[in-house]
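The primary structure of each chain is shown beneath.
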Amino acid sequence: MGSTDQETEVVPPAEVPEDLPLPSDPKVIFLGGLFVLAVLAAAYVASEIVLPFVFAIVLKLLLQPCSRILERLHVARTIASLLLIFALFGTIVGLGTVISGPARTWAAKLPEGIPRLQERLSFMREPIDTVQRFFQQLEDFGGPEPSPNAATLAQGPTLLSTLFTGARHFASGLFTTVLFLFFLLVSGDIFLHRLVEILPRFRSKRQVVEIAQQIEGDISAYLVTITIMNAAVGLATALAMWLTGVGDPILWGTVAFLLNYVPILGTALGVLIFLLAGLLTHDVLWQALLPAGLYFGLHLVEGETVTPMLLAKRFTLNPVLVIISLVFWFWMWGVPGVILSMPMLAIAKIICDRLQPLAAFGHFLEG
């Protein structure tokens, strides 16, 4: 009887669809939907606290293998946590310092290169103007007549105040993330131990431990694998930009590395960025298109062949739901939400796969 109950509670990820019953009680579905909406509303309203905390959890999963290695070397947990945080954010600050100069140079090139881009892309001017006129007519349809003082009344905050506000929010979020990350690394598995202690039944304790171990193992493996592959793409892109004469390989390698964390949409944005860089650098059309073509080719090799082979046994997510998750979390939290969307979707699938009432939803998330 005990083994039967245990098999009913824990559902293997490879279970067939016939063994994945949906909840039959309408009250359960209704209350579950209200709970999800309440959690999402709280995450939106309290984003200044929730977003750094979620970021800290994901970074903890990324740094967890290194933390365990340092523990095996008999390094105190507090010192190990400080070393990992200094190494991570020191690398980020150092890389930002290195690419800040080339980034300013390219930003200065952009105003001078806009007329050149317009000349090179003159064949697209008429379709773009047509689309702009169409949307302008839609905006003007049925709208009130603009008053002479409309421009004065619609003046928003200046660029300087906007940049200052953005920098202040970024610094506050970064400090909160570092604070959460430090205490999460120092605490280790204390929350898991306390949760296991308060659960009444043994099979519930075992189920919680299995879910926690699978989340830590799979998400850590996913983040480490993606980071290594993104670094490889960044190095290959830097070499390609140097060979094609675009220059500033460290800048473009960093751009490729960061954009590769965003599935599908990051690649599309990267192709556009490298296309503009090529058009601003070369006069010959095929040479201008070569950087974007090489970047797209690297993505096809990495994103469609190598990375799926490495992660196929752990993650097979529905690509439509991946896009929906990217758009939704971008609306919720902006660019950080896009970066966190894949780990959060993977964590949701792991939890659903291991819980009997949610097993059907886990199967729905599978690719």
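Residues numbered from 1 in each chain as written. Predicted model: local features only at pLDDT ≥ 70, side-chain atom pairs only at ≥ 80, totals over all residues. Heavy atoms only, no water.

Caption draft 1: Region of the structure containing the overall build of the chain. A tally of helices and strands in the chain yields 15 helices and 0 strands. For the chain, with 367 residues in total, the buried portion stands at 31%. Partitioning the intrachain contacts of the chain with sequence separation of at least 6 by distance along the chain shows that 76% fall at a separation of at least 24. (Helix = DSSP H or I, 4+ residues; strand = E, 2+ residues; numbered from the N terminus. Buried < 20%, exposed > 50% of the residue type's maximum accessible area, 1.4 Å probe, protein only. Contact = heavy atoms within 4.5 Å.)

Caption draft 2: Representation of the packing of helix H3 (residues 47–72) against helix H14 (residues 335–354). At their nearest, the axes of H3 and H14 sit 11 Å apart, and the two run at 60 degrees to each other. In terms of axis orientation, H3 runs oblique to H14. Crossing of H3 against H14: the hand is left-handed. Facing Leu 51, Val 54, Phe 55, Val 58 and Leu 61 of H3, the residues of H14 in contact are Pro 336, Ile 339, Leu 340, Pro 343, Met 344 and Ile 347. The class makeup of the residues in the contact of H3 with H14 is 11 nonpolar, no polar and no charged. (Axes fitted to C-alpha atoms, helices over the stretch in contact; angles between N-to-C directions. Parallel < 35°, antiparallel > 145°, perpendicular 65-115°, else oblique. Left-handed = near helix turned anticlockwise from the far one by under 90°. Nonpolar A, V, L, I, M, F, W, Y, C, P; charged D, E, K, R; others polar.)

Caption draft 3: Highlighting the pattern of salt bridges. On inspection of all chains with the given rule, the structure shows 2 salt bridges. For Glu 71, the salt bridge goes to Arg 77, with nearest N and O atoms at 3.2 Å. Judged by its relative accessible area of 29%, Glu 71 falls in the partly exposed class. Two residues, Glu 210 and Arg 206, come together in a salt bridge whose shortest N-O distance is 3.2 Å. A residue pair is termed a helical-turn pair when its members lie 3 or 4 positions apart in one helix, as Glu 210 and Arg 206 do in helix H9 (residues 202–243) at 4 residues. According to the relative accessible area criterion, Arg 206 is partly exposed, its value standing at 39%. (Salt bridge = Lys/Arg side-chain N within 4 Å of Asp/Glu carboxyl O.)

Caption draft 4: Expanded view of a nonpolar patch on the surface. Together, Phe 30, Leu 31, Leu 34 and Leu 37 make up a nonpolar patch on the protein surface, roughly 430 Å² of accessible area in all. Structurally, Leu 31 can be placed in helix H2 (residues 26–45). The class of Leu 31 is exposed, set by a relative accessible area of 55%. (Patch = residues over 30% accessible without salt bridge, like charges linked within 9 Å, V, L, I, M, F, W, Y side chains within 5 Å. Areas by Shrake-Rupley, 256 points an atom, 1.4 Å probe, with all protein chains shown as cover.)

Caption draft 5: Structural view of the confidence of the model for the chain. Taken residue by residue, the chain gives an average pLDDT of 76. The fraction at 70 or more is 76%. The secondary structure element of the chain with the lowest average pLDDT is helix H1 (residues 2–9), at 42, and the one with the highest is helix H10 (residues 249–259), at 88. Taken as a whole, residues 1–18 scores under 50 in pLDDT and shows 23 contacts with residues more than four places along the chain or in a different chain. Here residues 150–156 is a poorly scored stretch, pLDDT under 50, and it has 0 contacts once near neighbours within four places are set aside; other chains count. (pLDDT = per-residue confidence, 0-100.)

Caption draft 6: Layout of the side chain of His 299. Residue placement: His 299 occurs in helix H12 (residues 285–311). Of the residues examined, His 299 reaches a relative accessible area of 14% and is grouped as buried. His 299 has contacts with Asn 260, Thr 267 and Glu 304, leaving out every residue within four places of it along the chain.

Caption draft 7: Layout of the nonpolar core. Ranked by internal contacts, the top residues of the largest apolar core, which has 27 residues, are Ile 219, Leu 223, Val 322, Trp 333, Leu 340 and Met 344. Sorting the residues of this core by element identifies H3, H9, helix H13 (319–333) and H14 as the ones contributing at least two each. For this core, the leading source of residues is H14, giving 7 residues. Leaving out residues up to four positions away in the same chain, Leu 340 has contacts with Leu 51, Val 54, Phe 55, Val 58 and Trp 333. (Core = buried A, V, L, I, M, F, W, Y, C linked by side-chain atoms within 4.5 Å.)

Caption draft 8: Structural context of H13. The terminal C-alpha atoms of H13 lie 21 Å apart, and with 15 residues this matches the ideal 21 Å at 1.5 Å per residue to within 8%. Regarding H13, the residues found buried are Leu 321, Val 322, Ser 325, Leu 326, Trp 329, Met 332 and Trp 333. The buried residues of H13 occupy one face: seen down the axis, they fall within an arc of 145 degrees. Summarising the geometry of H13, the exposed residues directed more than 90 degrees from the buried face are Val 320 and Trp 331. Buried residues along H13 sit against H2, H3, helix H11 (265–281), H14 and helix H15 (359–365). (Expected span 1.5 Å × (residues − 1). Arc of directions from axis to C-beta.)

Caption draft 9: A look at the packing of aromatic side chains. The tally for this structure, following the rule as stated, stands at 9 aromatic pairs. Their ring planes at 45 degrees and their centres at 6.0 Å tell us that Phe 328 and Trp 331 sit as a pair that is tilted. Taken together, the residues Phe 328 and Trp 331, both in helix H13 and 3 residues apart, mark about one turn of the helix. Residue classification places Phe 328 among the partly exposed residues on the basis of a relative accessible area of 29%. A relative accessible area of 57% places Trp 331 in the exposed class. Following the ring pairs from residue to residue traces out a cluster consisting of Tyr 44, Phe 328, Trp 329, Trp 331 and Trp 333. (Phe/Tyr/Trp six-rings, centres within 6.5 Å; stacked < 30°, edge-to-face > 60°.)

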